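Survey of secondary and tertiary structure
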Amino acid sequence: MDLTFHSFTPLGFELPEPLKVLERLSKNFYWSWHPEGVELFRDLDPLLWNKAEQNPRRVLSEANQLLLWQKASDPDYLAKLDRFTATFDQYMGEPPAAESNLPGGVAYFCAEYGVHNSLPIYSGGLGILAGDHLKSSSDLNIPLVAIGLLYRYGYFRQDISHDGWQEEHYSNIFNSGLAIEPVVDVSGQRTSVMVHIRGREVYAQAWLARVGRISLYLLDTNVDQNTAIDRMITGHLYGGDAETRIVQEKVLGIGGVRLLRKLNIDPSVYHLNEGHAAFSTLELAREWLGLNPDKGFADAVTEVRKKCVFTTHTPVAAGNDTFPPDMLIQCFSKEFIDSLKLNNGELLALGRAVLSDDNEHFGMTPLAIRMCRSANGVSEKHGEVSRELWLKMFPDLSDAGSVPITSVTNGVHAPTWVAPAYQSVFENHFGPDWANLVRDSEKWSEGIAGFDDRKLWEAHVLLKNVLIAFIRERTKRRDTGTSDTINERTETSNLFSPNVLTVGFARRVAQYKRWNLLLSDRDRLLKMVDHPDRPVQFVFAGKAHPQDNTAKTILQELMSIDHESSWQQRAVFIEDYDQEVARYLVQGVDVWMNVPRRPMEASGTSGMKAAMNGVLNFSILDGWWIEGYNEENGFAIGDESESDEPDDQIDKRDALSLYETLENQVIPTFYDRDKSNFPAKWVEMMKNAIATLTPQFSSRDIYNDA
Ligand SMILES: *Cc1c(COP(=O)(O)O)cnc(C)c1O
């Protein structure tokens, strides 16, 4: 095993002098949410750009020397580079917003961050949300530092085998030129923290990723001083067993607070994004008791609570991290528990929903709810569901309505997700400041109303063609098997048509997401797909959890539909769903489908990304869509009624509504064309979606709004 640590992977050669600034630009993810920034790196070597999976560090170190020198002598390129560098330097130079009432700033804790694919330390929605949160905080100039873990092997990459079965593989993320740098102190010493784990001191060193004006610090236990087992604590994201999770979460929560102190950061707010980081509250209590030796744990809680806020993301008890009591105690030292002035039983009680139940596992969500001054769910519905879920923690309360859990509906960072083609339409219409105007719903929707319908449609058709080219290219690369399934083909150039209604369905393959709903009446589905005048095509993507064989079976079933129909031409599965794939999909399909079993979709954010690109949502009324849907800006499947029916009954009803809505609303509206083949009604709905949903679901300042 290679145990040496490179700082920034050094470039293999010197860049031509006029291009040297690219090295500096590549060390801050600012470029990733600015189309001109992306272009600067991509244009160096477009083929390499895709091969290197959009990683500027790799492009700079592997680019063809001739291409580099050509750019270094290209006045247009250099002028663009100058402009971008000046904008970046100005952005970085702006002092933090003066009106901030957050001395010491906010410390944001999360187990995963989806900033960009070239920093592959995220798995899905939670990480993407955290990444968007950092970018929005940077744009809004909120004083915030972020704490996370650097997973040496990241999250798994997905392959589908010839027989349709998902396979996982992991690779060392250091092999790919990461844009992170080691954190060192004034004397040049590597900054690291120690956390006592399983009877030993475990070291974690810190790395820094720059996300615009935001510093994202990542802890990494893969250091010489640690035993082989401890080095792997930060090995895999969501890998390993319960014990691995406890020790990872100790490094994140306890190590994270210790790192802030090493960096002399004393935040006024600690934001725990999901329960994974809740051990940080214990460290804050321990710290406070160290300074106030005559006080007790209850006093410490009062102080800690003043500073901590918690966001819960899971609508079901089983989705929250819980740990067997014995295992939890074994992972903590007696000294740590003593320093909290607690005994084992009292510590365990902090993580229990029902105090009288000694057998209950230790839950990170109850711990966070107890130790934070506020807790929120991620949509109005999810707030309500969470209040019911955690009512049992509050025996004095008679109804869920008074449980102290509120909601802040998720949002997304528009510049990350809106296609450059639309960004330029917005910029022409609203000026260069369009991304800030996005939060002003009145001005924004007035502006969108004045849009040229045909221009909007043209931009959409363009993006749809880009998606189709991407699909053909991406599915071609495979080593194909013998049978033509939607995952393996000998020929891809005839896949998909830009004239056909295109439905996107990309999400985790988890049971409640109900991938099989669409397939439940195969004949009815294929009839739509095969329709001679008004056909439908589907693009799928998503990963199943490595241990979830039920989910893998669902994928296999989807892969194996091999029917005498146009299905093979009109359905594809894109492997290895990630942020880059998501961008192509949410920007290029006509319709974004979502069919969760209610109320399991806490919020969902991919539909927001789609809406900002004029893509119409076609979704169960759950999570964010309950708040977003207005009958004119997309389509609803089913209704909001509560039901005590068994799941299979509900699924049947929702499947019926799914087919009916497709057949009677989505398809007819899409194919309703005038003489020039222009879908006026559809475009009106697109405009309505962009006008209403963009301002409503763009991430905003949640710290100063309150
Ligand atoms: C946005 C996004 C998600 C989260 O979207 P959901 O609507 O919650 O499914 C997950 N994965 C990727 C790659 C994304 O871009």
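Keep in mind that what you see is a predicted model, and the values were worked out from it rather than measured. (Residues numbered from 1 in each chain as written. Predicted model: local features only at pLDDT ≥ 70, side-chain atom pairs only at ≥ 80, totals over all residues. Heavy atoms only, no water.)

1. So, the packing of helix H28 (residues 647–670) against helix H29 (residues 680–696)
Test applied: Lines are fitted to the C-alpha atoms to define the axes, a helix being fitted only along its stretch in contact, and any angle between axes, read from their N-to-C directions, falls within 0 to 180 degrees. Going along the chain from the N terminus, every DSSP run of H or I of four or more residues is numbered as a helix, and every run of E of two or more is numbered as a strand. By the definition adopted for this analysis, an angle is roughly parallel if under 35 degrees, roughly antiparallel if over 145, roughly perpendicular if from 65 to 115, and oblique otherwise. Here a residue-residue contact requires only that any non-hydrogen atoms of the pair lie within 4.5 Å. Residue polarity follows a fixed list, in which Ala, Val, Leu, Ile, Met, Phe, Trp, Tyr, Cys and Pro are nonpolar, Asp, Glu, Lys and Arg are charged, and the others, Gly among them, are polar.
Remark: H28 packs on H29, axes separated minimally by 7 Å, with the N-to-C direction vectors making an angle of 105 degrees. When the axis of H28 is compared with that of H29, the two are roughly perpendicular. Judged by residue contacts, Val-666, Thr-669 and Phe-670 of H28 engage Lys-681, Trp-682 and Met-685 from H29. Here the residues of the contact of H28 with H29 sort into four nonpolar, one polar and one charged.

2. Here we look at the pattern of salt bridges
Selection rule: Each salt bridge in this description consists of a side-chain nitrogen of Lys or Arg and a carboxyl oxygen of Asp or Glu lying within 4 Å of one another. Whether a residue is buried, partly exposed or exposed follows from its accessible area with a 1.4 Å probe, protein chains only, as a fraction of its type maximum: under 20%, in between, or over 50%, in that order.
Scanning the model with the defined rule gives 43 salt bridges in all. When the shortest N-O distance is used, the salt bridge between Arg-213 and Glu-94 registers 3.3 Å. Here Arg-213, found in the loop between strand S7 (200–211) and strand S8 (214–220), pairs with Glu-94, found in the loop between helix H6 (75–93) and strand S1 (106–109); they are 119 residues apart in sequence, far enough to count as distant. A relative accessible area of 17% means that Arg-213 is categorised as buried. The exposure class of Glu-94 is partly exposed, given its relative accessible area of 38%. In the salt-bridge network here, residues are joined through shared partners; they are Arg-514, Arg-597, Asp-647, Asp-651 and Asp-654.

3. Digging into the site of the ligand
Put simply, the test is: Distances are taken per atom, and a residue is near a molecule or strand as soon as one of its heavy atoms is within 4 Å of it. Here a polar contact is taken to be a pair of N or O atoms separated by no more than 3.5 Å, where protein atoms must pair a possible hydrogen donor with a possible acceptor and residues adjacent in sequence count only if both atoms sit in side chains. Note on areas: these come from Shrake-Rupley sampling with a 1.4 Å probe, and a residue is covered only by the protein chains present in the view.
In the vicinity of the ligand lie 14 residues, with Trp-417, Ala-582, Thr-605, Ser-606 and Lys-609 positioned nearest. In the environment of the ligand, an oxygen atom lies 3.1 Å from a nitrogen or oxygen atom belonging to the backbone of Thr-605. Here an oxygen atom of the ligand sits 2.6 Å away from a polar atom, N or O, in the side chain of Lys-609. In the complex, 92% of the free accessible area of the ligand, which totals 380 Å², lies under the protein chains. Of all the elements in the fold, those that place two or more residues in the shell around the ligand are helix H7 (125–139), helix H25 (579–588) and helix H26 (606–612). When grouped by side-chain class, the residues that make up the shell around the ligand number four nonpolar, six polar and four charged.

4. Topic: the side chain of Thr-694
The topology assignment puts Thr-694 in helix H29. Leave out the neighbours within four places in its chain, and Thr-694 touches Val-438, Trp-444, Met-612 and Ala-689.

5. What to know about the packing of aromatic side chains
Stated formally: A pair of Phe, Tyr and Trp rings is counted when the ring centres sit within 6.5 Å of each other, with Trp represented by its six-membered ring. The angle between the planes then sorts it: under 30 degrees is stacked, over 60 is edge-to-face, the rest tilted.
This structure, assessed with the given rule, holds 34 aromatic pairs. Aromatic pair Tyr-30 and Phe-88: ring centres 5.1 Å apart, planes at 50 degrees, arrangement tilted. One end of the pair, Tyr-30, is in the loop between helix H1 (21–25) and helix H2 (35–42); the other, Phe-88, is in helix H6, with 58 residues separating them in the sequence. An identical accessibility class is assigned to Tyr-30 and Phe-88; each is buried.

6. Overview of the environment of Arg-24
Structurally, Arg-24 can be placed in helix H1. Among the residues examined, Arg-24 registers a relative accessible area of 40% and is labelled partly exposed. For the pair Arg-24 and Arg-454, spaced 430 residues apart in sequence, the C-alpha separation works out to 41 Å. Setting aside its immediate chain neighbours within four residues, Arg-24 contacts Thr-85, Phe-88 and Asp-89. At 3.0 Å, the side chain of Arg-24 and the side chain of Asp-89 are in polar contact.

7. Some words on the confidence of the model for the protein
Threshold: Across the chain, each position has a pLDDT score giving the predictor's confidence in that residue, from 0 to 100.
This prediction gives the protein a mean pLDDT of 94; 96% of its residues lie at or above 70. Low confidence marks residues 1–7, where pLDDT is under 50. Its contacts with residues over four positions away, or in another chain, come to 15 contacts.

8. Notes on the packing of helix H18 (residues 420–430) against helix H21 (residues 453–476)
Put simply, the test is: Two helices cross in a left-handed way if the nearer one is turned anticlockwise from the farther one by less than a right angle. They cross in a right-handed way if the turn is clockwise.
Contact pair H18 / H21: the axes reach a minimum separation of 9 Å and the direction vectors enclose 160 degrees. Taken as axis vectors, H18 and H21 run roughly antiparallel relative to one another. In the packing of H18 onto H21, the handedness of the crossing is right-handed. When H18 is examined against H21, the residues Ala-421, Tyr-422 and Val-425 are found in contact with a partner set consisting of Leu-456, Ala-459, His-460 and Leu-463.

9. Comments concerning the pairing of S7
Which entries qualify depends on this criterion: Two strands are said to pair when DSSP picks up at least two bridges between them.
For strand S5 (residues 181–182) and S7, the ladder comprises two bridges, and the chain directions are antiparallel. Counted as the bridge partner of Glu-181 is Leu-208 from S7. Pairing of strand S6 (residues 192–197) with S7 involves six bridges; the strand directions are antiparallel. Note that in S7 the partner of Ile-197 across the bridge is Arg-200. Hairpin connection of S6 to S7: two residues between the antiparallel strands, including Arg-198 at a positive phi of 50 degrees. Pairing between S7 and S8: seven bridges, direction antiparallel. Residue Leu-208 lies in a different strand from S8, and its bridge partner there is Tyr-217.

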